[in-house]
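Commentary on secondary and tertiary structure
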Amino acid sequence: MKKSWKRIPFLISILFLVGLIAFSFLYTYGLKEHIKAPPTFLYDENGNIAKSLPFPPSLDYPFGVDRQGKNTFWSVIDGARYTILIGLSVSFLRVVLGIGFGIFYGMYLKKMRSFLTTFERAFRFIPAILLVMLFFEVNLFSDATKGFSYIASIIFWLTVVALPSLIHVVGNEVSHFSKEDFITASRAMGATKIRVIQKHVIPFLRSRALLMIVQQMISTLLLLVHLGVFGVFVGGSRLFCYDPVNCRKVPITNEWSALIGAKYQELMLDQWIVFGPSIAFILTLLACHVMKRMLEGTEEKVVIPNAKQTPSIDIKQLKRSDFIFVEAVNSKNVIR
Amino acid sequence: MRIHYYLMKKFYQLIFTIILIGIIVLFSASIHTSKNDLLHGFVEQTKMFGHSLIHLKEMIILVGAFQKETPLWSYMKEPYLYSFIILSSAFICAFALGILFSYGTYLLSPKMRKFVKECLFLLQSIPDVMFIFAVQLFIIWIYKKTNILIVDPIAGIEKVYLLPILVVSILPGIMLFQMTFLAIEEESKKTYVEFAKAKGLSNGWILLKHILRNVVVTLFSHSHYLFWLLVSNLLVVEYLFNIHGFFQLLYTALKTPDAFYVCLVALFLPFFLIEMIFNGIAIKLTGKEQTQ
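As the structure is a computational prediction, the values presented were derived from the model and not from experiment.

Looking now at the overall build of chain A. For chain A, the count of helices and strands is 11 helices and 4 strands. Per-residue burial for chain A yields a buried fraction of 36% across its 336 residues.

As structure tokens, this is what we get:
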């Protein structure tokens, strides 16, 4: 059997993600200048105005054009790198920190188990999105509401929110694993705890790490959609004022969840504006789910029985005369 | 004696968890007010917290666009009941959906089974937000075509039940279906099933009488994931459908930490109770403590 990360669906989905990021960078730093902005009006063949902004999806504009005259397709491509990279870095940080603290928790803190379980429960019962909303406004590194430091602080909060439960899971796994026979044996031969961690625990967890990253990626992406709906724009935001009284937050990057969240009002008017980023999101999630499935190896084969059974009608048609009955007396003779 | 011990343990856990939720909320409040002087801010916030918790009856919450000050205690009851009616019926709905569908799928031929599984795999990767969009658009589409408004997709003041219950229970239902089906497939490899088959019992009968009983135990012990999913779904559903439920209240209470804390504890208590009961049932049925 092939290793899971060599199978074709896995490769396709990872290529999809990497390609999306690469394309996104390529667009922003190269292609952007060469692509014409969509016109304000569409004309029919007689030169009359056929349609004004926003335009529905067409061959020229696959996801349509929004009210500000931006081509939604290119917005989605531009935003891809924010969403995917934020998701990846959050899940990577979560898994690395989770494994690090989890080993410590599983190997050393056995006495404090019940206390830490309670801690984990407190975190679990507050929905993750509420936890993020409690903290996201605080920028740890500076006071800006945009730019790199803002994104870094959001990544930090997104990581912290899921850490307790992840540490708990990894820690439990480690403490179960450290009760295995071969570890008892190596402890009996004089291996220190650090040696056991180096030689047994880390290799055991390393095989699971990729799966954990993909799982965390899925949960992070879902969290991002929810945050976008609630008006928390991960890529940074600024206040936009129509007049001195009415102000509202608008996103400054084309990050997908922000695209969905900011355009939600458009759903009842021009649905396609929300469709573009939604489709991108669903495809990304699908890619993650495919990878998760490949890594889990649960793609079990349903065995379809090949052996031909005699149809029951044929059985009913059989008559007693079809069989040759061996005389019971004869067989007794043979045994004698 | 054993039940007594179990209850005591759970009680201590409850007290600890409530205190810890308080500390988390306090921490967030103090990091908002004084980022640089965390310790001082924490002490200040703790004092304020203690004060407002003693005067629980007079706690206020800022409601609506005009930040109207309303007493929390009388305001909280109605949305609390409403949201919990939705949650519990969504839970039952998801449970029923999951078990019914997996029962139906088990009776299908292996090829069809695989097809259903693939479909659900695709459905599963659609986030709930997009489900909500789709449902809203669908209802409006029907309204445009036939002039019949099945249900009001954007609730006003009156309470709607059917739509939120359905939307909330779709994704957990799918998750539950997958869990159940996996458990059923595991279970059906066991020898007692083979024996029952050899005796000539039909597939459906075996499933109903033998396998499902064993599967339900697994489901009960995993039920807290389901609750968690339901809660986070309902949060978004209430916001997008403009339902004035408890989670909308939670969202508005974010600005006032003390009220937010009370709401969180109120949310936590019934869940803890339910989890305790389910865990108790699972222990009673299997005779061993489930590790979470």
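Right, let's get into the interface of chain A and chain B. By a widespread convention, an interface's size corresponds to the accessible area lost as its parts come together. Each partner contributes residues to the interface: chain A has 33 residues there, and chain B has 38 residues. Counting residues per element, the ones that place at least two in the side of chain A that touches chain B are helix 3 (113–125), helix 4 (128–135), helix 7 (193–229) and helix 9 (272–296) of chain A. Per element, the largest residue contribution to the side of chain A that touches chain B is 7 residues, and it comes from helix 9 of chain A. Looking at the side of chain A that touches chain B residue by residue, the class counts come to 24 nonpolar, 6 polar and 3 charged.

What follows deals with the packing of helix 5 (residues 128–146) of chain B against helix 9 (residues 223–240) of chain B. All names here are of chain B. Orientation of helix 5 relative to helix 9, taken along the N-to-C sense of each, is 35 degrees, at an axis distance of 10 Å. Between helix 5 and helix 9 the crossing geometry is right-handed. Facing helix 5, whose interface residues are D128, V129 and I132, helix 9 presents N233, V236, V237 and L240. A class-by-class count of the residues in the contact of helix 5 with helix 9 yields 5 nonpolar, 1 polar and 1 charged.

Residues and elements named next belong to chain B. The pLDDT averaged across chain B works out to 79; a share of 87% of its residues lies at or above 70. Mean pLDDT across the elements of chain B bottoms out in strand 1 (residues 60–63) (68) and peaks in helix 7 (residues 191–198) (87). Under the prediction, the complex receives an ipTM of 0.82, its pTM being 0.82.

Let us look at the environment of I84(A). Residue and element names in this part refer to chain A. Tracing the chain through its elements places I84 in helix 2 (residues 72–107). Along the backbone, I84 and I282 are 198 residues apart, and their C-alpha atoms lie at a distance of 12 Å. Once residues within four sequence positions are removed from consideration, I84 is found in contact with L17, L20, I21 and T284.

All right, on to the nonpolar core then. In this structure, V132(A), L234(B) and C263(B) are the most contacted members of the largest nonpolar core, which totals 126 residues. Considering each element in turn, this core owes the most residues, 13 residues, to helix 7 of chain A. Filtering out sequence-adjacent residues up to four positions away, V132(A) remains in contact with W157(A), L158(A), V161(A), L223(A) and L227(A).

Residue and element names in this part refer to chain A. One way to put it is that helix 4 packs onto helix 7 with a least axis distance of 10 Å and a crossing angle of 60 degrees. As judged from the angle between their axes, helix 4 and helix 7 are oblique. In this structure, helix 4 crosses over helix 7, and the sense of that crossing is right-handed. Two secondary-structure elements touch here, helix 4 through A128, I129 and V132 and helix 7 through L223, H226 and L227.

Right, let's get into the environment of F115(A). All names here are of chain A. By the secondary structure assignment, F115 is in helix 3. Under the C-beta neighbour-count criterion, F115 is labelled exposed, with 12 such atoms within 10 Å. Placed 29 residues apart in sequence, F115 and I86 show a C-alpha to C-alpha distance of 32 Å.

Below, the discussion takes up helix 1 (residues 2–33) of chain B. Working note: α-helix, 3.6 residues per turn, so residues spaced by three or four point in the same direction. With 32 residues, helix 1 of chain B extends 47 Å from end C-alpha to end C-alpha; this agrees with the ideal 46 Å at 1.5 Å per step. Three or more residues of helix 1 of chain B are buried, namely T17(B), I21(B), V25(B), L26(B), A29(B) and S30(B).

Rules of the game
Residues numbered from 1 in each chain as written. Chains lettered and ligands numbered in written order. Predicted model: local features only at pLDDT ≥ 70, side-chain atom pairs only at ≥ 80, totals over all residues. Helix = DSSP H or I, 4+ residues; strand = E, 2+ residues; numbered from the N terminus. Buried ≥ 20, exposed ≤ 12 C-beta atoms within 10 Å, placed from the backbone. Contact = placed C-beta atoms within 7 Å. Nonpolar A, V, L, I, M, F, W, Y, C, P; charged D, E, K, R; others polar. Axes fitted to C-alpha atoms, helices over the stretch in contact; angles between N-to-C directions. Left-handed = near helix turned anticlockwise from the far one by under 90°. pLDDT = per-residue confidence, 0-100. Core = buried A, V, L, I, M, F, W, Y, C linked by C-beta atoms within 7 Å. Parallel < 35°, antiparallel > 145°, perpendicular 65-115°, else oblique. Expected span 1.5 Å × (residues − 1).

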